[in-house]
Amino acid sequence: MKIIHTADWHVGHELYGYDREEEFDYFFSQLSELLRAERPDALLVSGDVYDSYMPSTTAVRQLNNALLRLHDSSPETEIILTSGNHDSGPRLEAAAPPWLPHGVHLIGSLGPDPLRNRIEIEGKGVVMAIPFCYPANFPHADGDPLDRRQERFFQRIIEQLSRESLPTVLMAHLYVSGAALNGSRQPRDIVGGSDAMALGDITGGYDYLALGHIHRRQRLSARAYYSGSPLPISFDEPADHGVLLVDLEKGKEPRVDFRQMKTLRPLLTLPKEAAPFEEAIRELREMDPESYAYVRLHVLGDGSLPFDHLEQATKALEGKRGRYCTVKIESPQTDRLETKESRAITPEELVAMDPVTIVGKYLQDRGLAEEEREELLGLFRSIDALCEEEEIEI
């Protein structure tokens, strides 16, 4: 069985207020060409399809158009998308029925029977599609302790996969302990509000483990991979983004090939090494006028900036295609890194935002690291999802 493994699309994502619709279209165009050339049996998207629990109509329309385009590029390819911690599983799955005739599966929830999430690629293989869940939401037997529900559920999934005669894939949106996160940050016990799982707790039964949730592409074992995100979502992510092309045979080690996706607007930090504000602004002025990059200034200082720093940065980019985003301040005394927002949100933009986005921007303004923000956001998303189920307004 041949598959393309990708994850963490985050359709609808805005970077410091800049719309990225054109960038997503550029990625989908490349992915469509790859499908047309490779004709895989399945395209797997392991969670975080959207960037928000309540995606905008523009984001929903863009995903719909992309799925039709991908299907037309390779009609025999089964396309399987699972919800991640950024998605609303019920919302994603509610849109599923019209897509089934096109070979598109939208999986947003779990049931007590593992077969509910089993998708057979006729004569080729079996995919067990597991969306993101908080431990309390995993199907469980009476008396199962909360901290073991996730582990025991996956054990039942692995037992089911062990009985399959065809090549098997387990796709899951979760944090496997020991996975390398973005930049130089150290792994945490919780990412996105979900407890980490040891790879040893989900070993066996599958020929390939298609993971999502961590944006950094990496190999955890001979059979377990994070594909990483196809677009950079933050400045601290590695530069190379793409998808994984995987060939599977029952009981054999998979053959995995990375296919890089070109980025329409790369994320650029100027200068690479922190420098005084005046030097950073000079580099911004000298930036290639034809570069489409998003730019973050890297400033060495005590945390203070000129009162007109935003105006200076804006003027430095006049007549250029680049987009100024923010500034990262490195203190020589403490080696502490701070990120300061340099773009105010208008009242109209605030009214249009959903609660999760508002909380996320607040946490970002507080200067929290990405993993800390995701941990707190994960908790808020679980509250938001519960309120949605109970029809309680936040």
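Before reading on, note that the structure itself is shown above.
Enquirer: Help me understand the packing of aromatic side chains in this model?
Expert: The geometry of an aromatic ring pair is captured by two quantities: the separation of the ring centres and the angle between the planes. Tallied over the full model, the rule gives nine aromatic pairs. Geometrically, the ring pair formed by Trp9 and Phe27 is edge-to-face, given 5.8 Å between the ring centres and 75° between the ring planes. Separated by 18 residues along the polypeptide, Trp9 in the loop between β1 (2–6) and β2 (14–15) and Phe27 in helix α1 (residues 21–38) bring together distant segments of the chain. A relative accessible area of 1% means that Trp9 is categorised as buried. You can call Phe27 buried: its relative accessible area is 1%. Seen in terms of ring centroids, Phe27 and Phe28 are 5.2 Å apart; in terms of plane orientation they differ by 45°. Their pairing is tilted.

Enquirer: Would you mind going over α1 with me for this structure?
Expert: The periodicity of an α-helix, 3.6 residues per turn, causes residues three or four places apart in sequence to face the same way. In a regular helix each residue adds 1.5 Å, so 18 residues correspond to 26 Å; α1 covers 26 Å between its end C-alpha atoms and thus fits that length. Of all the positions in α1, only Glu23, Phe24, Phe27, Phe28, Gln30, Leu31, Ser32, Leu34, Leu35 and Glu38 are classed as buried. Immediately beyond the C-terminal end of α1, within one or two residues, lies Arg39, with a positive phi of roughly 50°.

Enquirer: Sorry, what's going on with the sheet that holds strand β13 (residues 218–219) here?
Expert: Strands belonging to one sheet form pairs held by backbone hydrogen bonds; the direction of such a pair is parallel or antiparallel. The strand order β7-β8-β9-β12-β14-β13 describes an open sheet built from six strands, whose pairing is mixed. Only two strands of the sheet have a single partner each, and these edge strands are β7 (118–121) and β13. Examined bridge by bridge, β7 and strand β8 (residues 125–130) share four bridges and lie antiparallel to one another. What sits directly across from Glu120, in β8, is Val126.

Enquirer: Can you walk me through empty space enclosed by the protein in this structure?
Expert: Rolled over the atoms, a probe with the dimensions of a water molecule shows which regions are left empty. All told, the structure shown has two cavities of 30 Å³ or more when counted by the stated rule. Estimated volume of the largest cavity: approximately 50 Å³. Forming the boundary of the largest cavity are eleven residues, of which Pro131, Cys133, Phe138, His173 and Leu174 lie nearest the centre. Elements with a contribution of two residues or more to the lining of the largest cavity: α4 (149–162) and β9 (168–173). Residue composition of the lining of the largest cavity, grouped by class: eight nonpolar, three polar and no charged. Quantified by volume, the second largest cavity comes out at close to 30 Å³. Looking at the lining of the second largest cavity, its residues break down into five nonpolar, one polar and two charged.

Enquirer: I keep staring at the side chain of Glu93 and nothing clicks. Help me out?
Expert: Along the chain, the position of Glu93 falls in helix α3 (residues 89–94). There is a polar contact of 2.7 Å between the side chain of Glu93 and the backbone nitrogen of Gly108. At a separation of 2.9 Å, a polar atom in the side chain of Glu93 contacts the side chain of Ser109. Here Glu93 is in contact with Leu106, Ile107, Gly108, Ser109 and Arg116, once residues within four sequence places are set aside.

Enquirer: Is there a simple way to think about the sheet that holds β1 in this case?
Expert: If you walk across this open sheet you meet the six strands as β6-β5-β4-β1-β15-β16, and the pairing is mixed. The outermost strands of the open sheet, each flanked by one partner alone, are β6 (104–107) and β16 (255–260). Each strand of the sheet is rotated relative to its neighbour by a mean of 20°, with strand direction disregarded. Pairing between strand β4 (residues 42–46) and strand β5 (residues 78–82): five bridges, direction parallel. Residue pairing for β5: Leu43 is matched across the bridge by Ile79. Against the sheet, helix α2 (residues 57–73) touches β4, β5 and β6, its axis set at about 150° to β5.

Rules used throughout
- Residues numbered from 1 in each chain as written.
- Predicted model: local features only at pLDDT ≥ 70, side-chain atom pairs only at ≥ 80, totals over all residues.
- Heavy atoms only, no water.
- Phe/Tyr/Trp six-rings, centres within 6.5 Å; stacked < 30°, edge-to-face > 60°.
- Helix = DSSP H or I, 4+ residues; strand = E, 2+ residues; numbered from the N terminus.
- Buried < 20%, exposed > 50% of the residue type's maximum accessible area, 1.4 Å probe, protein only.
- Expected span 1.5 Å × (residues − 1).
- Pairing = 2+ DSSP bridges.
- 1 Å grid on protein atoms, 1.4 Å probe; cavity = no way out; pocket = protein on both sides within 12 Å on 5 of 7 lines; lining within 4 Å.
- Points joined across faces, edges and corners; volume = space filled by probe spheres on them.
- Nonpolar A, V, L, I, M, F, W, Y, C, P; charged D, E, K, R; others polar.
- Polar contact = N/O pair within 3.5 Å; in protein donor to acceptor, adjacent residues only side chain to side chain.
- Contact = heavy atoms within 4.5 Å.
- Axes fitted to C-alpha atoms, helices over the stretch in contact; angles between N-to-C directions.

That is the geometry; function is a separate question.
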